[in-house]
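In case you want the letters, here they are:
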Amino acid sequence: MIRFIFVQNRQGKTRLEKWYGSYSDQEKQKLKAEVHRTVASRDQKHQSNFVEFHNHRIVYRRYAGLFFCFCIDTNDNELAYLEAIHLFVEVLDSYHGNVCELDLVFNFYLVYAVLDEMILAGEIQETSRSVILGRLDQLNNLE
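Read on for an overview of the structure. Quick caveat, the model's predicted, so the values are computed rather than measured.

Read from one edge to the other, the open sheet built from 5 strands follows the order β2-β1-β5-β4-β3, with strand pairing classed as antiparallel. Looking along the sheet, the strands with just one partner apiece sit at the ends: β2 (14-19) and β3 (50-53). When the angles between neighbouring strand axes are averaged without regard to direction, this sheet yields 20°. Relative to strand β5 (residues 66-73), strand β1 (residues 2-9) runs antiparallel, the two sharing 7 bridges. When the bridges of β5 are listed, Ile-5 appears paired with Phe-70. Sitting on the sheet, helix α2 (residues 78-96) is in contact with β1, β3, β4 (56-63) and β5, with an inclination near 35° to β4.

Okay, here's the thing in C-alpha cells:
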C-alpha cells in the first residue's frame, strides 16, 4: 500500500503531495524534509531507486529536476511502483507535451485528477495509459 506520494524539486519544494494515511501537520512537514534529504543525497548512477525509510520503503525516480517519490510498505513490489511512477509521468507528458515543474504548479488540478484515476486508497487501480487518458478526456468534456 502507498502511504504517501510526493513530487519535489531539487531545492526540496514540494509540488505535489498525496497522503493515504493520517499524519499530523508536524509529521507531514518532517516527512517531506526527511524524504527530500534522503532522495536528493543519493548517487543517481550507482545507487538504486529504492531506499529503506523508517518502517517503509521509498521508491523514487528523478525526471529532469523533479523527484517523484512513493512511500510503500516493505512487502510491496518496488518495480511495480517504479513502473507506476513512469506511467504517471507518461500520462502527464501526453497531456502537456513535455511535462515540467511549471505544468505541475499551474495545472495542479489535472495532476491530481491523473493521480486519482491511477490510484485509489493507496492501491494502484489502473495501469493502462489509454484508459486513463480516455477518462480524462471524458472529464474535460463535462467542463
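Bringing the pairing of β3 into the picture now. Burial along β3 is one-sided: Val-51 and Phe-53 are buried, and none of Phe-50 and Glu-52, which face the opposite way, are. Where β3 meets β4, 4 bridges bridge the pair, whose relative direction is antiparallel. By the bridge assignment, Phe-50 is partnered in β4 with Val-59.

The next subject is the environment of Tyr-95. Mapped onto the secondary structure, Tyr-95 falls in helix α2. Separated by 41 residues in sequence, Tyr-95 and Leu-136 place their C-alpha atoms 9.6 Å apart. The residues contacting Tyr-95, other than those within four sequence positions of it, are Leu-110, Leu-133, Leu-136, Asp-137 and Asn-140.

Moving on, we come to unusual backbone geometry. Look at His-54: it is not a glycine, yet its phi comes out positive at around 55°. Its location among the elements puts His-54 in the loop between β3 and β4. With a phi angle near 55°, Ala-64 is a residue other than glycine that sits in the positive phi range. Mapping Ala-64 onto the fold places it in the loop between β4 and β5.

On to the pattern of salt bridges, then. Per the stated rule, a full pass over the model turns up 9 salt bridges. Across the salt bridge formed by Glu-17 and Lys-32, the nearest N and O atoms sit 2.9 Å from each other. With Glu-17 in strand β2 and Lys-32 in helix α1 (residues 25-40), this pair connects stretches of sequence that are 15 residues apart. The buried category is assigned to Lys-32, whose relative accessible area is 12%. A salt bridge links Arg-57 to Glu-78, with the nearest nitrogen and oxygen atoms 2.2 Å apart. In this pair, Arg-57 sits in strand β4 while Glu-78 sits in helix α2, placing the two residues 21 residues apart along the sequence.

Bringing the packing of aromatic side chains into the picture now. Overall, the coordinates contain 9 aromatic pairs when judged by the stated rule. Here Phe-4 and Tyr-23 contribute two aromatic rings whose centre-to-centre distance is 6.2 Å and whose plane-to-plane angle is 80°, an arrangement assigned as edge-to-face. One end of the pair, Phe-4, is in strand β1; the other, Tyr-23, is in the loop between β2 and α1, with 19 residues separating them in the sequence. On the accessibility criterion, Phe-4 (2% relative accessible area) is buried. With centroids separated by 5.7 Å and ring planes inclined at 85°, the aromatic side chains of Tyr-63 and Phe-68 adopt a geometry described as edge-to-face. Comparing Tyr-63 with Phe-68 shows no difference in burial state: the two are buried.

Criteria and cut-off values
For every chain, the first residue of the written sequence is number 1, and numbering continues from 1 onward in sequence order. pLDDT decides what is reported in this predicted model: residues at 70 or higher carry local features, side-chain atom pairs at 80 or more are listed and counted, and totals for whole chains, interfaces and linings draw on all residues regardless. Think of the side-chain values as coming from all heavy atoms in the structure, minus any hydrogens and water. The pairing criterion for strands is at least two bridges between them, as found by DSSP. We count a stretch as a helix when DSSP gives it H or I for four or more residues in a row; a strand needs E for two or more, and each element gets its number in order from the N terminus. To obtain an axis, a line is fitted to C-alpha atoms, over the contacting stretch when the element is a helix, and the angle between two such axes runs from 0 to 180 degrees between their N-to-C directions. Any two residues whose heavy atoms approach within 4.5 Å at even a single point are treated as in contact. We call a residue buried when its accessible area falls under 20% of the maximum for its residue type, exposed when it is over 50%, and partly exposed in between, using a 1.4 Å probe and counting protein chains only. Think of a salt bridge as a Lys or Arg side-chain nitrogen and an Asp or Glu carboxyl oxygen that are within 4 Å of each other. Pairing of aromatic side chains requires ring centres within 6.5 Å, counting the rings of Phe and Tyr and the six-membered ring of Trp. Pairs whose planes differ by under 30 degrees are stacked, by over 60 edge-to-face, and all others tilted.

Honestly, that's just the spatial picture; any functional story needs more than this.
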